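# Chain and residue survey
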Amino acid sequence: MQKIASLIPRSQLRSYKKGTMDIIVFTDEDFMREAIKEAQKAFDADEIPVGAVVVCNNKIIARAHNLTERLNDVTAHAEMQAITSAANYLNGKYLNECTLYVTLEPCVMCAGAIAWAQAGRLVYGAADTKRGFNLLNENKSLINPSGFSEGEGKRNQLLHPKTQVKANVLGDECAALLKFFFQSKR
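The structure displayed is predicted, hence computed values, not measured ones. (Residues numbered from 1 in each chain as written. Predicted model: local features only at pLDDT ≥ 70, side-chain atom pairs only at ≥ 80, totals over all residues. Heavy atoms only, no water.)

## Observations concerning the pairing of strand S6 (residues 121-126)
The side chains of a regular strand alternate, residue by residue, between the two faces of the sheet. Definition in use: Exposed residues in this analysis have more than 50% of their type's maximum accessible area, buried residues have under 20%, and partly exposed residues fall in between, with area computed by a 1.4 Å probe over protein chains only. Secondary structure elements follow DSSP: runs of H or I no shorter than four residues count as helices, runs of E no shorter than two count as strands, and numbering proceeds from the N terminus. The handedness rule is simple: strands pointing away from the viewer, and a clockwise path from the first strand over the helix to the second, make the crossover right-handed. One bridge is not enough; two strands pair if DSSP finds at least two bridges between them.
By the criterion of burial, S6 is predominantly enclosed, with five of the six residues buried. The handedness of the strand S5 (residues 98-104) to S6 crossover, carried by helix H5 (residues 108-117), is right-handed. Both S6 and strand S7 (residues 164-166) contribute to a ladder of three bridges, which runs parallel. When the sheet's bridge partners are listed, valine 123 is paired in S7 with lysine 166.

Right, here's the structure in full:
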């Protein structure tokens, strides 16, 4: 916990007194800022700037960013790297007690990996209007004719049924880095 607290500026921490010990509470925005740092590493390496962190019990257990160019591997997305790293850290394949923070809405491939890992929560920044997993909800024929199984509401069927999703956390900041990257390529 001490190491993580040093990564986030003291001014951004929420601290509460409980008995004789301080309890530090991190927000989704705090952890998304850490994912943005990973996205910046990807940007600096001339990779599409997407970053991810996996958090378990208020502790970052994995950090990753896109490595598709460096590894010459189209599957080396930030989410895939983070899931693998977190599973190795936990010595198990399920992340049901973890939250994955990623700066861009996961693609269908990554959503499938998130489902197989049974992530407890997915928190993402910018929406991906071209390849994001939520596009399957808009094109219902790809899932089933009605789009959702009876009683499911608007849950995306690509994810595990228990995975909670929160979108647009620091979405503008996440989108700005992507926009700048692609503008610089034109």
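Now that the structure has been shown, we can carry on.
## A word on the packing of aromatic side chains
Rules: In this scheme Phe, Tyr and Trp rings, the latter by its six-membered ring, pair at centre separations within 6.5 Å, and the angle between planes marks the pair as stacked below 30 degrees, edge-to-face above 60, and tilted otherwise.
Counting across every chain of the model gives six aromatic pairs. For the ring pair phenylalanine 26 and phenylalanine 31, a centre distance of 5.2 Å and an interplane angle of 45° mean the geometry is tilted. For phenylalanine 31, a relative accessible area of 2% translates into the label buried.

## Looking at the side chain of histidine 65
Stated precisely, the cut-off is as follows: Pairs of N or O atoms are called polar contacts if they sit within 3.5 Å, as long as, within protein, a hydrogen donor faces a hydrogen acceptor (for residues adjacent in sequence, only side-chain-to-side-chain pairs).
Tracing the chain through its elements places histidine 65 in strand S4 (residues 59-65). With relative accessibility at 17%, the residue histidine 65 sits in the buried group. Here the side chain of histidine 65 touches glutamate 38 through a polar contact of 3.1 Å, side chain to side chain.

## A short note on the pairing of S5
Burial analysis of S5 places seven of its seven residues in the buried class, the great majority of the element. When strand S3 (residues 51-56) meets S5, the two strands line up antiparallel, connected through five bridges. Its bridge partner being in S5, alanine 52 is matched across the sheet by valine 102. Here S5 runs beside S6; their pairing, made up of five bridges, is parallel. Bridge assignment links leucine 100 to a residue of S6, and that residue is leucine 122.

## Here we look at the sheet that holds S5
Keep this limit in mind: Geometry is summarised by axes, namely lines fitted to C-alpha atoms with helices restricted to the contacting stretch, and by angles between N-to-C directions that run from 0 to 180 degrees.
The strand order across the open sheet formed by five strands is S4-S3-S5-S6-S7, and the pairing between neighbours is mixed. What marks the edges here is a single partner per strand, and that holds for S4 and S7. Geometrically, the sheet is characterised by an average inter-axis angle of 15° between neighbouring strands, direction not taken into account.

## Thoughts on the environment of lysine 59
Along the chain, lysine 59 falls in strand S4. A residue is classified by how much of its surface remains accessible, and lysine 59, at 35% relative accessible area, is partly exposed. Within the structure, the side chain of lysine 59 is placed 2.9 Å from the side chain of tyrosine 89, a separation counted as a polar contact.

## Points about the nonpolar core
The line we're drawing: What makes a nonpolar core is a set of buried Ala, Val, Leu, Ile, Met, Phe, Trp, Tyr and Cys residues whose side-chain atoms join them at distances within 4.5 Å.
Met32, Val54, Leu100, Tyr101, Ile114 and Leu122 are the most contacted members of the largest nonpolar core, which totals 41 residues. Breaking this core down by element, the ones donating at least two residues are helix H2 (28-44), S3, S4, helix H4 (78-90), S5, H5, S6 and helix H7 (171-185).

## What about the environment of alanine 64?
Basically, it comes down to this: Contacts were defined at the residue level, with two residues in contact if any of their heavy atoms lie within 4.5 Å.
Assignment of secondary structure puts alanine 64 in strand S4. Along the chain, alanine 64 and valine 102 lie 38 residues apart, while their C-alpha atoms are 9.4 Å from each other. Once residues within four sequence positions are removed from consideration, alanine 64 is found in contact with Glu38, Gly51, Ala52, Ala78, Gln81 and Ala82.

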